[in-house]
Amino acid sequence: MDVVIIGAGPAGANLARLLAKRYSVMVIEARDIIHPAPYDPVRKACGGLLAPDAQRMLARLGLGIPKNVLVDPQVFGVNVIDMKQKITQNYQRFYFNIDREKFDRWLVSLIPPSVTILPKTQFVRYEKTDDGIKVYYRQHGLEKSVITRFLVGADGANSLVRRQLQPRFTPKRYIAIQEWVKSDSPSTTFGAIFDPQLTDFYGWVIPKDQALVLGIALKPGSDAQEKFATFKARLTNQGYRFGQRIRSEGAFIVRPSLKDVFAGKDTILLIGEAAGAISPSSAEGISYALKTSLMLSSALLEHENAVIRHYERSLWTIRLNILLKQLKSPFMYWPILRKFALKSGIKRL
Ligand SMILES: Cc1cc2nc3c(=O)[nH]c(=O)nc-3n(C[C@H](O)[C@H](O)[C@H](O)COP(=O)(O)OP(=O)(O)OC[C@H]3O[C@@H](n4cnc5c(N)ncnc54)[C@H](O)[C@@H]3O)c2cc1C
């Protein structure tokens, strides 16, 4: 193989699509990402909102979203709730509301048939050999291996490729807990909830057809479930009506600083959240996944003999973007500045 990609989320699927014409590519994915419904119960926990940056990236890639990926209602309003200062404020922002599972499957469906996709397969470890990188994976209970020139970690916030590459370093991570509940009268806005007693990040409520998705990003700890219960109770006091629980899910979210953005080493490369590419202010990660996969594809297609150097160089835009988001963060996360931002016209920043 020329390129083995671990993970078929937005980063890995988009990279596989872009490289297929030139390279032999294999994608190893833990989820059952290609077989038709009923889907595998293992799903990627996500709010499923495509922010303007993600919309811009899809446009740049020449991709339009099929109708069956969209979910009612389309969201163009944010309802900010500041629990500490008891402020509520609405403002306009355009999102596409999507079914994340269908979105990922649609991106995978765009990968040309020349690419080998191994669903329900776990990447285990890699080893450098004289012939290239030996990638070990587990499929149907059997351990197998493949030799490749380039290994790409597109395996998300808990990237095993990154952990093997940087065993003593973990990017700053939060644990996100989400609950899907039935709702007869779902709201039509995206609720962004700031509650410093529970988290220095934020929580959200997103309408999805006849359901609501409520979630919160918390510092990892044993009291996460308790805090989630308090979060839900406080939202009920705010007037939200939650019906029967449909399912609960949890996942890590990286909240990067500049040192967490990492291109990889030699011929082992990282993209998407595995590379630390995600907004530290809003946890919006799909645009970054698409952007870094496009950057790495350019490095692989145009500079085959100096991929890491060119990819590393292109990541400056991601670092700059993260820096700008960090500069914006105090207006979202410092109570006094947030109050000022909400009461003034700069809230949309
Ligand atoms: C609760 C929650 C809500 C979010 N809401 C939003 C939102 O509304 N909008 C937004 O833009 N972003 C959101 N994000 C962030 C966004 O989901 C991620 O940043 C984005 O999915 C990153 O894409 P990726 O391709 O890098 O990684 P992922 O989408 O995480 O994909 C990684 C893939 O690798 C696979 N994988 C992992 N380990 C292995 C292994 N060992 N072997 C084989 N396969 C493996 C996984 O199954 C997965 O398919 C949210 C995140 C969370 C946790």
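Residues numbered from 1 in each chain as written. Predicted model: local features only at pLDDT ≥ 70, side-chain atom pairs only at ≥ 80, totals over all residues. Heavy atoms only, no water.

Spatially, the 6 strands line up as an open sheet ordered 7-2-1-11-18-17, and their pairing is mixed. At either end of the open sheet lies a strand with only one pairing partner, and these are strand 7 (116–118) and strand 17 (264–265). With 3 bridges connecting them, strand 11 (residues 150–153) and strand 18 (residues 268–270) associate as parallel partners. Considered in strand 18, the bridge of Leu 151 is made with Ile 268. Sitting on the sheet, helix 1 (residues 10–19) touches strand 1 (3–6), strand 2 (25–28) and strand 11, and the angle it makes with strand 1 is about 160 degrees. The sheet strands contacting helix 7 (residues 307–314) are strand 11, strand 17 and strand 18, and the helix crosses strand 18 at an angle near 15 degrees. (Pairing = 2+ DSSP bridges. Helix = DSSP H or I, 4+ residues; strand = E, 2+ residues; numbered from the N terminus. Contact = heavy atoms within 4.5 Å. Axes fitted to C-alpha atoms, helices over the stretch in contact; angles between N-to-C directions.)

The next point concerns helix 6 (residues 286–302). Look at helix 6: 24 Å from first C-alpha to last across 17 residues, which is about the 24 Å you get at 1.5 Å a residue. Burial within helix 6 is extensive, with 13 of its 17 residues counted as buried. (Expected span 1.5 Å × (residues − 1). Buried < 20%, exposed > 50% of the residue type's maximum accessible area, 1.4 Å probe, protein only.)

Across all of its chains, the model carries 9 aromatic pairs by this definition. Between the aromatic rings of Phe 103 and Trp 106, the centroid separation amounts to 5.8 Å while the plane-to-plane angle is 50 degrees, which identifies the pairing as tilted. Pair noted here: Phe 103 and Trp 106 are both in helix 3 (residues 100–109), with a separation of 3 residues, about one helical turn. Comparing Phe 103 with Trp 106, the two get one shared label, buried. Ring plane angle 5 degrees and centroid distance 5.8 Å describe the contact between Tyr 240 and Phe 242, whose orientation is recorded as stacked. Grouping aromatic residues by their ring pairs yields a cluster made of Tyr 174, Phe 194, Phe 201, Tyr 202 and Trp 204. One cation-aromatic arrangement involves Arg 247 over Trp 180; the distance from NZ or CZ to the ring centre is 4.3 Å. Across the ring face of Tyr 288, the terminal group of Lys 291 is positioned such that the distance to the ring centre comes to 5.7 Å. (Phe/Tyr/Trp six-rings, centres within 6.5 Å; stacked < 30°, edge-to-face > 60°. Lys NZ or Arg CZ within 6 Å of the ring centre and 35° of its normal.)

Moving on, we come to the site of the ligand. Neighbouring the ligand are 36 residues; Glu 29, Gly 47, Leu 49, Arg 100 and Glu 273 lie closest to it. Here a nitrogen atom of the ligand sits 2.9 Å away from a polar atom, N or O, in the main chain of Gly 47. Backbone polar atom of Leu 49 to a nitrogen atom of the ligand: 2.9 Å apart, as the coordinates give it. Burial of the ligand by the protein chains amounts to 91% of its free accessible area of 990 Å². For the shell around the ligand, the secondary structure elements donating two or more residues are helix 1, strand 8 (121–129), strand 12 (173–182), strand 16 (245–254) and helix 6. Here the shell around the ligand is composed, by residue class, of 19 nonpolar, 10 polar and 7 charged. (Near = heavy atom within 4 Å. Polar contact = N/O pair within 3.5 Å; in protein donor to acceptor, adjacent residues only side chain to side chain. Areas by Shrake-Rupley, 256 points an atom, 1.4 Å probe, with all protein chains shown as cover. Nonpolar A, V, L, I, M, F, W, Y, C, P; charged D, E, K, R; others polar.)

Moving on, we get to the pairing of strand 14 (residues 203–208). Here strand 14 lies mainly inside the structure; 6 of its 6 residues are buried. Here strand 13 (residues 190–194) runs beside strand 14; their pairing, made up of 3 bridges, is antiparallel. Looking at strand 14, one finds that Ile 193 is bridged to Gly 203. Pairing of strand 14 with strand 15 (residues 211–218) involves 6 bridges; the strand directions are antiparallel. Each residue of the ladder has a partner; that of Pro 207, found in strand 15, is Leu 212.

A word on the sheet that holds strand 10 (residues 142–148). If you walk across this open sheet you meet the 3 strands as 8-9-10, and the pairing is antiparallel. Looking along the sheet, the strands with just one partner apiece sit at the ends: strand 8 and strand 10. Across the sheet, the mean angle separating the axes of adjacent strands is 25 degrees when strand polarity is ignored. By the bridge criterion, 7 bridges tie strand 9 (residues 132–139) to strand 10 in an arrangement that is antiparallel. By the bridge assignment for strand 10, Ile 133 is matched with Thr 148.

On to a nonpolar patch on the surface, then. On the surface, a nonpolar cluster with roughly 580 Å² of combined accessible area is contributed by Leu 258, Trp 316, Leu 320, Leu 323, Leu 324 and Leu 327. Structurally, Leu 324 is set in helix 8 (residues 316–333). (Patch = residues over 30% accessible without salt bridge, like charges linked within 9 Å, V, L, I, M, F, W, Y side chains within 5 Å. Salt bridge = Lys/Arg side-chain N within 4 Å of Asp/Glu carboxyl O.)

With that out of the way, let us pick up empty space enclosed by the protein. Using the criterion set out here, one finds 1 cavity of 30 Å³ or more in the structure. Roughly 70 Å³ of internal volume is contained in the largest cavity. Taken together, 13 residues form the lining of the largest cavity, with Ala 157, Ser 159, Arg 162, Arg 163 and Pro 171 sitting closest to its centre. (1 Å grid on protein atoms, 1.4 Å probe; cavity = no way out; pocket = protein on both sides within 12 Å on 5 of 7 lines; lining within 4 Å. Points joined across faces, edges and corners; volume = space filled by probe spheres on them.)

Let us now look at the side chain of Arg 255. Within the element layout of this structure, Arg 255 appears in the loop between strand 16 and strand 17. At 3.3 Å, the side chain of Arg 255 forms a polar contact with the backbone oxygen of Asp 200. Within the structure, the side chain of Arg 255 is placed 2.9 Å from the backbone oxygen of Pro 280, a separation counted as a polar contact.

Right, let's get into the pattern of salt bridges. Using the criterion set out here, one finds 22 salt bridges in the structure. Across the pair Arg 255 and Asp 200 runs a salt bridge, and its minimum N-O distance is 3.8 Å. Of this pair, Arg 255 sits in the loop between strand 16 and strand 17 while Asp 200 sits in the loop between strand 13 and strand 14, and the two are 55 residues apart along the sequence. According to the relative accessible area criterion, Asp 200 is partly exposed, its value standing at 34%. Two residues, Arg 319 and Glu 312, come together in a salt bridge whose shortest N-O distance is 3.1 Å.

The quantities given are spatial measurements derived from coordinates; they are silent on function.
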